[in-house]
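Residues per chain, in single letters:
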Amino acid sequence: MNQLLSEIKNCSVCKEHLPLGPRPIVSAHPESKIAIIGQAPGSKVHQTGVPWDDPSGKQLRKWLGVTDEQFYDERLLALIPMGFCYPGRGKSGDLPPRPECAPLWHQSLLDQMPKLKLTILIGQYAQVRYLGDAMEKNLTETVKNYKSYLPKYMVLPHPSPRNRFWLSKNSWFEEEVIPQLQKAVSTTLKNQ
């Protein structure tokens with residue numbers, strides 16, 4: 001695992017597409033019990049090198065019901081983005097994750113985490129890759145049908161502050177899905 005993480009952190013496959021240059025952000029361990037597969041680091045995370053070190057990460061930890069210490073303990077949670085480097089800004093937020101990363105690195109990482117019990121798929125990019133045809137017609141419908149992906153996968157929208165409108169429009173998410181998410185996370189972390 002250490003060699004693989006070193007290779008990932010030195011990856012520069014798509015450097016010509018990265019406005020701030022390559023800085024792959026990933027955290028994983030052979031003992032990881034939960035994998036969180038998100039989108040791509042934002043500019044703040046690119047600067048600090050710490051996964052989910054931004055308002056989205058704060059919201060995600062709240063949704064998961066975990067402390068910062070638990071969240072950053074790679075023996076508990078692996079933090080794997082769809083795109084490992086900051087992709088740059090688009091017209092309405094960050095650009096999509098670079099498409100090279102997941103096919104290049106994900107399976108190798110997952111193969112080295114035999115104790116993985118739950119994979120949390122955050123946002124449409126992760127859900128398209130891992131659920132494929134099992135996805136519903138859009139992210140909202142996929143999240144509404146979260147039970148059909150358990151116990152292997154839990155599906156979430158992105159916890160970005162930009163999703164305030166979606167969250168206010170879909171109050172069922174915090175009322176129904178978040179308690180089930182916290183229960184699944186708590187149960188998985190207790191079964192060590």
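What you are looking at is a predicted structure, and each value in this text was computed from that prediction instead of being measured.

Draft legend 1. Focus on the packing of helix α1 (residues 2-9) against helix α5 (residues 101-111). At a minimum axis distance of 11 Å, the contact between α1 and α5 shows a crossing angle of 160°. When the interaxial angle is binned, α1 and α5 end up roughly antiparallel. The crossing of α1 and α5 is left-handed. From α1, Leu4, Leu5, Glu7 and Ile8 reach across to α5, where they touch Trp105, Ser108 and Leu109. Here the contact of α1 with α5 is built from residues that sort into five nonpolar, one polar and one charged.

Draft legend 2. View of the nonpolar core. Within the largest apolar cluster, 56 residues are counted, with the highest numbers of intra-cluster contacts made by Ile36, Leu64, Ile80, Leu109, Ile120 and Phe173. Residue contributions to this core peak at eight residues, all from helix α9 (residues 172-190). With sequence-adjacent residues up to four places away left out, Ile120 is seen in contact with Ile34, Ala35, Ile36, Ile37, Leu64, Met154, Leu156, Leu181 and Val185.

Draft legend 3. Spatial organisation of the packing of aromatic side chains. According to the stated counting rule, one finds six aromatic pairs in the structure shown. Three or more aromatic residues joined by ring pairs make a cluster, and in this case those are Trp63, Trp166, Trp172 and Phe173. Residue placement shows Arg61 over the ring face of Phe71; its charged tip is 5.0 Å from the ring centre. Positioned over the ring face of Tyr130 is Arg129, at 5.9 Å from the centre of the ring.

Draft legend 4. Region of interest: unusual backbone geometry. A cis amide bond links Leu150 with the next residue in sequence, Pro151, at an omega value of 5°. Take Pro151: it is sitting in the loop between α7 (139-144) and β6 (153-156). Even without being a glycine, Trp52 presents a positive backbone phi close to 55°. Summarising the element assignment, Trp52 is placed in the loop between α2 (43-48) and α3 (55-64). Judged by its relative accessible area of 12%, Trp52 is buried.

Draft legend 5. Highlighting the sheet that holds strand β5 (residues 118-122). Ordered in space as β2-β1-β5-β6, the four strands form an open sheet in which the pairing is parallel. The open sheet has two free edges, formed respectively by β2 (77-81) and β6, since each of these has just one partner strand. Between one strand and the next, the sheet's axes are offset by a mean angle of 20°, whatever the strand orientation. As paired strands, strand β1 (residues 34-38) and β5 are joined by four bridges and run parallel to one another. The residue of β5 that forms the bridge with Ala35 is Thr119. Here α9 sits on the sheet in contact with β1, β2, β5 and β6, set at roughly 145° to β6.

Draft legend 6. Here's a closer look at the pattern of salt bridges. One pass over the structure, following the stated rule, counts eight salt bridges. One salt bridge connects Lys115 with Glu31, and the closest N-O pair in it is separated by 3.0 Å. Linking Lys115 in the loop between α5 and β5 with Glu31 in the loop between α1 and β1, this pair joins segments that are 84 residues apart in sequence. With its nearest N and O atoms 3.6 Å apart, the salt bridge here joins Asp53 to Lys44. Overall, Lys44 belongs to the partly exposed group, its relative accessible area being 40%.

Analysis parameters
- Residues numbered from 1 in each chain as written.
- Predicted model: local features only at pLDDT ≥ 70, side-chain atom pairs only at ≥ 80, totals over all residues.
- Heavy atoms only, no water.
- Axes fitted to C-alpha atoms, helices over the stretch in contact; angles between N-to-C directions.
- Helix = DSSP H or I, 4+ residues; strand = E, 2+ residues; numbered from the N terminus.
- Parallel < 35°, antiparallel > 145°, perpendicular 65-115°, else oblique.
- Left-handed = near helix turned anticlockwise from the far one by under 90°.
- Contact = heavy atoms within 4.5 Å.
- Nonpolar A, V, L, I, M, F, W, Y, C, P; charged D, E, K, R; others polar.
- Core = buried A, V, L, I, M, F, W, Y, C linked by side-chain atoms within 4.5 Å.
- Buried < 20%, exposed > 50% of the residue type's maximum accessible area, 1.4 Å probe, protein only.
- Phe/Tyr/Trp six-rings, centres within 6.5 Å; stacked < 30°, edge-to-face > 60°.
- Lys NZ or Arg CZ within 6 Å of the ring centre and 35° of its normal.
- Pairing = 2+ DSSP bridges.
- Salt bridge = Lys/Arg side-chain N within 4 Å of Asp/Glu carboxyl O.

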